[in-house]
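Residue-level structural notes
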Amino acid sequence: ELDAIITQVTYAAEAKRACNIANCGALGKRTYKTVVVIDCQGLNSDHLGKEFRVLMKKTAEVLSGHYPETMHKTYIINGPLIVRAAWNVSRHMMHPISAAKFSILGSDWKKVFDRDGVVLDGNALPASISWSEAVGELADGGAARRRGWAPPADLANLAALAAVAE
């Protein structure tokens, strides 16, 4: 199961990379930084055992080793108390510049997005990327590997780049 999740993480990173390449052409400027939103609704202490810690360590190794300096900001939203408590401990183990790229938010995430200029299509996260649904799908055989979401403009630029390549 760990390999399936790491495959999904790598797929998502490559998809973001492809969108950035497409946006470079469409916008006429270099773009390579990404903003990631992780919805922790449904996450609880049952999910945070040894397996989870191993997964987070392996994910960090893959992303920092193969996709360095591509993260502009990661927002972890709907984070229950346990996520915020874990963050308060783990952030001190990170470089301050890296730690500043993370925002752990509760249910008031929309206010922070408004302040930071983060715009979600329809002003809501697609239900298909909620934590509890993704965990359930991975447990049922990995269907979440075929799912994800990107802004419509990114997808349009990616389709235009693919059409040119054909």
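Counting starts from 1 at the beginning of each chain's written sequence and moves along it residue by residue. Only residues with pLDDT of at least 70 get local features here, since the model is predicted, and only at 80 or more are side-chain atom pairs given and counted; chain-wide, interface and lining totals rely on the full set of residues. In computing side-chain values, all of the structure's heavy atoms are included and hydrogens and water are not.

1. Quick look at the overall build of the protein chain
For the purposes of this entry, the term helix denotes a DSSP run of H or I that reaches at least four residues, the term strand denotes a run of E that reaches at least two, and both are numbered from the N terminus. The number of helices and strands found in the protein chain is seven helices and three strands. Its helices and strands taken in sequence order, the protein chain reads α-β-α-β-α-α-β-α-α-α from the N to the C terminus. A simple rule labels every residue: compare its accessible area, found with a 1.4 Å probe on the protein chains alone, to the largest value its type can have, and call it buried under 20%, exposed over 50%, or partly exposed in between. Counting every position in the protein chain, which comprises 166 residues, the buried fraction comes to 30%. Sequence-distant contacts in the protein chain: of pairs separated by 6 or more residues, those separated by 24 or more amount to 77%. Note on areas: these come from Shrake-Rupley sampling with a 1.4 Å probe, and a residue is covered only by the protein chains present in the view. A total accessible area of about 10600 Å² is found for the protein chain, and carbon and sulfur atoms account for 58% of it. Note on contacts: a residue pair qualifies if any of its non-hydrogen atoms lie within 4.5 Å across the two residues.

2. Considerations on the environment of alanine 100
Within the secondary structure layout, alanine 100 lies in the loop between α4 (96-99) and β3 (102-104). Note on alanine 100: relative accessible area 51%, which makes it exposed.

3. Description of the environment of alanine 160
Note on placement: alanine 160 falls in helix α7 (residues 152-165). Residue classification places alanine 160 among the partly exposed positions, given a relative accessible area of 43%. The spatial distance from the C-alpha of alanine 160 to the C-alpha of alanine 22 is 7.7 Å, given a sequence separation of 138 residues.

4. What about the side chain of threonine 31?
Structurally, threonine 31 can be placed in the loop between α1 (2-27) and β1 (34-39). Within polar-contact distance, the side chain of threonine 31 engages the backbone oxygen of asparagine 20 at 3.2 Å. Dropping the residues within four chain positions of it, threonine 31 is found in contact with Asn20, Asn23 and Cys24. Polar contacts here mean pairs of N or O atoms no more than 3.5 Å apart (in protein, one a potential hydrogen donor and the other a potential acceptor; neighbouring residues in sequence count only if both atoms are side-chain atoms).

5. What to know about the sheet that holds β3
A pair of strands counts as paired when DSSP detects no fewer than two bridges linking them. On the basis of which strands lie adjacent, the open sheet formed by three strands has the order β1-β2-β3 and parallel pairing. Looking along the sheet, the strands with just one partner apiece sit at the ends: β1 and β3. Here the strands of the sheet are splayed against their neighbours by 10 degrees on average, with no regard to which way each runs. Axis definition: a line fitted to C-alpha atoms, over the contacting stretch in the case of helices. Angles run 0 to 180 degrees between N-to-C directions. On top of the sheet, helix α5 (residues 109-116) reaches β1 and β2 (71-77); it is set at about 160 degrees to β2, its chief contact.

6. Re the environment of asparagine 44
With respect to the element layout, asparagine 44 can be found in the loop between β1 and α2 (50-66). Asparagine 44 gets classed as partly exposed once you look at its relative accessible area, which sits at 30%. Linking asparagine 44 and valine 83, residues 39 residues apart in sequence, is a C-alpha distance of 8.4 Å.

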